[in-house]
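Coordinates in review
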Amino acid sequence: MEQTINKTPRIEVVDALRGFAVLAILLVHNVEHFIFSVYPTDSPSWLAALDTGVFHTVFALFAGKAYAIFSLLFGFTFYIQSENQRRKGKDFGYRFLWRMILLLVFATLNAAFFPAGDVLLLYAAMSLVLFIFRKASDRIILTAAIVFILQPVEWYHYLMSLFDSSHQLPDYGVGEMYAAVGEITKSGNFWDFLWCNVTLGQKASFMWAVGAGRTSQTAGLFLIGLYIGRKQLFIPNEKNTRFWSKCLIVSAVCFGPLQSLFKLMMEGSPLVQQTVGTAFDMWQKLAFTFVLISSFVLLYQNDTFKARVSALRFYGKMSLTSYVSQSVIGVAIYFPFGLYLAPYCGYTASLLIGIMVFCVQVQFSRQWFKKHKQGPLEGIWHKWTWIRNK
């Protein structure tokens, strides 16, 4: 008998998977010093070789994939909240829009400590897709998700270039904006740093997402998460086990050819690299993302694996707090306003620091949930979401 979601009891694998995504984001951000490119310049050869291996391994496993998992689960969470309200005879849509306005506040808070701008701004903007499609049929939602993931903007520019050799991609000035943010960061003025991050840094982040295909992919992932919620594919049963097994096989088979095609496209002209290359880059990362998701969901059915990753459930339940606090901790560790360890920490040391930060955050999560039902920022977000609910 299939299980159904009544009053949406928490689905453990979703919390653990979200925790895994936040951990992966933490490790990537530590390795890249939270977008503060200052590293040791005189490392011994053995350490330099180890650092190179760590960098490539972390980025191959998690860069672009952790964000994708987080995005998919964002859409899934929308389904849970929307379904709860639907069963009460209410439309969650307009409450969700208010919730996204509140998300902008958290995006600004996190961006203040993160020079590259914050992905939560992108989430708040692209959440309109969930609002628009919230009452659509499953078929329409899946079709729209596929269209977004196909990267139509990139293909438009590529096709236009075939018919018009003078066609050029829009220049958003992202490189110049990031360079300006970098100079402010290195200046050591903390207040200028904060202001620059929430203004120029946020603009640079959003414009980069537009140019890198992230806006379209994020919209598609939101809708896939909504679709997965509707189909209840995270509920543990035999039918869903077969689904995730097939998903693992298909995504693993697709990853290799897509990665090869991406590398081939990157040997083309700059316009090909930034259009077709971007599309294939998004697709190969998405294929590997589903390898990670499918593997995690299947492994989580094993009691031994579930016990060993139990810490991720607490981490995932406090994902917003953990995510935002990562940036604050990163500034305190690596930046000139804090301990300024960036010049002394190569990729390996930074990875180890990231793991230690994760352990501290998990312990905090465990202790917090002994007395509270939600994390600190999660509780504030929930309270203000429903502040006028009667």
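Further up the page is the structure itself.
The shown structure was predicted, so the numbers you read here are calculated from the model rather than taken from an experiment.

Grouped burial of nonpolar side chains is what soluble globular proteins tend to show. Ranked by internal contacts, the top residues of the largest apolar core, which has 112 residues, are Tyr123, Leu223, Phe234 and Phe296. Tallying contributions element by element places helix 1 (residues 12-31) first for this core, with 14 residues. With near-sequence residues (within four places) excluded, Tyr123 lies in contact with Tyr67, Phe70, Ser71, Phe74, Leu103, Thr218 and Phe222.

On the surface, Trp98, Ile101, Ile380, Trp384 and Ile387 cluster together into a nonpolar patch covering about 480 Å² of accessible area. Elements that contribute at least two residues to the nonpolar patch include exactly helix 4 (93-111) and helix 19 (376-385). With respect to the helices and strands, the residue Ile380 is situated in helix 19.

Tracing the backbone shows Gln361 in helix 18 (residues 347-368). Setting aside anything within four residues of it in sequence, one finds Gln361 in contact with Leu26, Tyr315, Ser322, Ser325, Gln326 and Ile329.

Another point: the pattern of salt bridges. If you walk through the whole model with that rule in mind, you get nine salt bridges. Arg86 is paired through a salt bridge with Glu83; the nearest N and O atoms lie 2.7 Å apart. Residue Arg86 and its partner Glu83 are both found in helix 3 (residues 66-87); the two are separated by three residues, about one turn of the helix. Looking at Glu83, the relative accessible area reads 11%, which means it is buried. The partner of Asp138 in a salt bridge is Lys231, and the shortest N-O contact between them spans 3.3 Å. Taken together, the residues Asp138 in helix 7 (residues 138-149) and Lys231 in the loop between helix 11 (214-230) and helix 12 (238-265) connect sequence positions 93 residues apart. Overall, Asp138 belongs to the partly exposed group, its relative accessible area being 26%.

This brings us to the packing of aromatic side chains. Per the stated rule, a full pass over the model turns up 39 aromatic pairs. Between Phe78 and Phe96 the ring centres are 4.6 Å apart and the planes differ by 65°, which places this aromatic pair in the edge-to-face class. Of this pair, Phe78 sits in helix 3 while Phe96 sits in helix 4, and the two are 18 residues apart along the sequence. The same class applies to Phe78 as to Phe96, namely buried. Ring pairing ties together the aromatic residues Phe36, Phe113, Phe190, Trp191, Phe193, Phe335, Phe337 and Tyr340, which thus form one cluster.

Relative to the assigned elements, Leu292 resides in helix 14 (residues 276-299). In this structure Leu292 comes out as buried when scored by relative accessible area, which is 15%. Between the C-alpha atom of Leu292 and that of Lys65, which follows or precedes it by 227 residues, the distance is 8.4 Å. Ignoring any residue separated from it by four or fewer positions in sequence, one finds Leu292 in contact with Leu61, Lys65 and Ile69.

One covalent bond between the sulfur atoms of two cysteine residues makes up a disulfide. Tallied over the entire structure, the rule returns zero disulfides. Of all cysteine sulfurs, the one in Cys254 lies closest to Cys247, which takes part in no disulfide; the gap is 9.8 Å. Its relative accessible area of 16% is what places Cys247 among the buried residues. No disulfide involves Cys345; its sulfur sits 17 Å from the nearest other cysteine sulfur, which is in Cys359.

Following both chains from N to C, one finds helix 17 (residues 319-334) and helix 19 inclined at 120°, their axes separated by 6 Å at the closest point. The pairing of helix 17 with helix 19 is recorded here as oblique in orientation. As helix 17 runs across helix 19, the sense of the crossing is right-handed. Every residue of helix 19 that contacts helix 17 at Ser319, Leu320, Thr321 and Val324 is listed here: Pro376, Leu377, Glu378 and Trp381. Looking at the contact of helix 17 with helix 19 residue by residue, the class counts come to five nonpolar, two polar and one charged.

Rules used in this analysis
- Residues numbered from 1 in each chain as written.
- Predicted model: local features only at pLDDT ≥ 70, side-chain atom pairs only at ≥ 80, totals over all residues.
- Heavy atoms only, no water.
- Core = buried A, V, L, I, M, F, W, Y, C linked by side-chain atoms within 4.5 Å.
- Buried < 20%, exposed > 50% of the residue type's maximum accessible area, 1.4 Å probe, protein only.
- Helix = DSSP H or I, 4+ residues; strand = E, 2+ residues; numbered from the N terminus.
- Contact = heavy atoms within 4.5 Å.
- Patch = residues over 30% accessible without salt bridge, like charges linked within 9 Å, V, L, I, M, F, W, Y side chains within 5 Å.
- Areas by Shrake-Rupley, 256 points an atom, 1.4 Å probe, with all protein chains shown as cover.
- Salt bridge = Lys/Arg side-chain N within 4 Å of Asp/Glu carboxyl O.
- Phe/Tyr/Trp six-rings, centres within 6.5 Å; stacked < 30°, edge-to-face > 60°.
- Disulfide = S-S within 2.5 Å.
- Axes fitted to C-alpha atoms, helices over the stretch in contact; angles between N-to-C directions.
- Parallel < 35°, antiparallel > 145°, perpendicular 65-115°, else oblique.
- Left-handed = near helix turned anticlockwise from the far one by under 90°.
- Nonpolar A, V, L, I, M, F, W, Y, C, P; charged D, E, K, R; others polar.

In short, the description is geometric, and any link to function would need to be established separately.
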